[in-house]
Amino acid sequence: MIRIRQEPLDVGAITRSVEEPGCGAVATFVGVVRDHNAGRRVKMVRYEAYESMALKKLEEVARILVERFGVHRVALEHRLGNLRVGEASVVLAVSSAHREEAFRAVREGMDILKSTVPIWKREFFADGEDAWVGE
Amino acid sequence: LKIRVLLFASVRQSAGGDEMTLELPEGTTAGEILERLREKIPALEGLSDRIKLAVGEEFVAPDHRLEEGDVAAIIPPMSGG
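Everything numeric in this text was worked out from a predicted model, so none of it was measured. Each chain has its residues counted from 1, running along the sequence as written. Think of it this way: whatever chain is written first is A, whatever ligand is written first is 1, and the rest follow in order. Local features are withheld for residues below a pLDDT of 70 in this predicted model, meaning they are given only at 70 or higher, and side-chain atom pairs are given and counted only at 80 or more; totals for whole chains, interfaces and linings count all residues. Excluding hydrogens and water, the side-chain values take into account all heavy atoms of the structure.

Student: How would you summarise the overall build of chain B if you had to cite specific residues and measurements?
Tutor: Where helices and strands are cited, they refer to DSSP runs of H or I of at least four residues and of E of at least two residues respectively, numbered from the N terminus. Helices and strands together make up the secondary structure of chain B, namely three helices and five strands. Walking chain B from its N terminus toward its C terminus, one meets helices and strands in the order β-α-β-α-α-β-β-β. To get the radius of gyration, use the C-alpha atoms; to get the globule rule, take the number of residues to the power 0.38 and multiply by 2.2 Å. The C-alpha radius of gyration computed for chain B amounts to 12 Å, which stays within 12% of the reference 12 Å derived for 81 residues, consistent with globular compactness. Think of it in three bands: residues with accessible area under 20% of the maximum for their type are buried, residues over 50% are exposed, and the middle band is partly exposed, with areas taken using a 1.4 Å probe on protein chains only. Within chain B, the fraction of its 81 residues that count as buried is 49%. We call two residues contacting when some pair of their heavy atoms lies within 4.5 Å. Counted over contacts in chain B with a minimum sequence separation of 6, partners at least 24 positions apart contribute 54%. Within the structure as shown, chain B displays about 4,000 Å² of accessible surface, and the carbon and sulfur contribution to it stands at 45%. Measuring between centres, the 9 positive side-chain charges of chain B sit 4 Å from its 15 negative side-chain charges. Residue burial considers only the protein chains on display, and all accessible areas are found by Shrake-Rupley using a 1.4 Å probe. Positive charge is attributed to Lys and Arg, negative charge to Asp and Glu, and no charge count is given to His or to the chain ends. Think of each charge as sitting on NZ of Lys, CZ of Arg, CG of Asp or CD of Glu.

Student: An account of the packing of aromatic side chains is needed here, citing residue identities and associated values.
Tutor: Ring pairs shown here join Phe, Tyr and Trp side chains whose ring centres sit within 6.5 Å, with only the six-membered ring taken for Trp; geometry is labelled stacked below 30 degrees between planes, edge-to-face above 60, and tilted in between. Evaluated as defined, the whole model comprises two aromatic pairs over all chains. Seen in terms of ring centroids, tryptophan 120 of chain A and phenylalanine 8 of chain B are 5.1 Å apart; in terms of plane orientation they differ by 15°. Their pairing is stacked. In this pair, tryptophan 120 of chain A sits in strand 8 (residues 119–125) while phenylalanine 8 of chain B sits in the loop between strand 1 (2–7) and helix 1 (9–15), so the two residues belong to two different chains. Each member of the pair, tryptophan 120 of chain A as well as phenylalanine 8 of chain B, carries the same accessibility label: buried. Cluster of aromatic residues (ring-pair linked, three or more members): Tyr50 and Trp120 of chain A together with Phe8 of chain B. Either the NZ atom of lysine or the CZ atom of arginine qualifies as a charge over a ring when it sits within 6 Å of the ring centre and within 35 degrees of the ring normal. Over the ring of phenylalanine 125 of chain A we find arginine 40 of chain A, and its NZ or CZ is 4.0 Å from the ring centre.

Okay, structure coming up:
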């Protein structure tokens, strides 16, 4: 399933959703909120999206992974709103017959996501300041 | 040409609102939206060459010609993941 949600992401459920009898490999990438960035302490992050377009672009990422790497199933969920340190912001799970294409697909999938999906992260620092990531 | 322009992240903050409606001459391109809004949205200045444009929820090149009723979006550097 491909979706964008405000609620916490269920890594176990997302991973299980791509399992298939013909697949000997399931790879899951979990992006997690880190407590620092560029030497500053991060207290919280907030994600916002151009939601309708972001959903289309996430679906496109999944389609590319199936076409390019021959993975069988793809599940991709991105969280929005306020997230605390340690919470999952994105989960990408893929299944394939063998491990090699699963490993490559999650790496490539995250790279494509970062450059094509209109989602933005704003970091709130311990010192009270904040910044949009990537600017 | 009447078009809606959606604004996000730092550009939304800088504009003080999440959307604008523009009245533009026939033949205006997506890239020209940025020229038009430069004065109203100070954040565009520092980001100009890193901004992408979308029309109808698809990325378009700056020379994409706008049509009546289009919904365009200014996409500042993305940072999902």
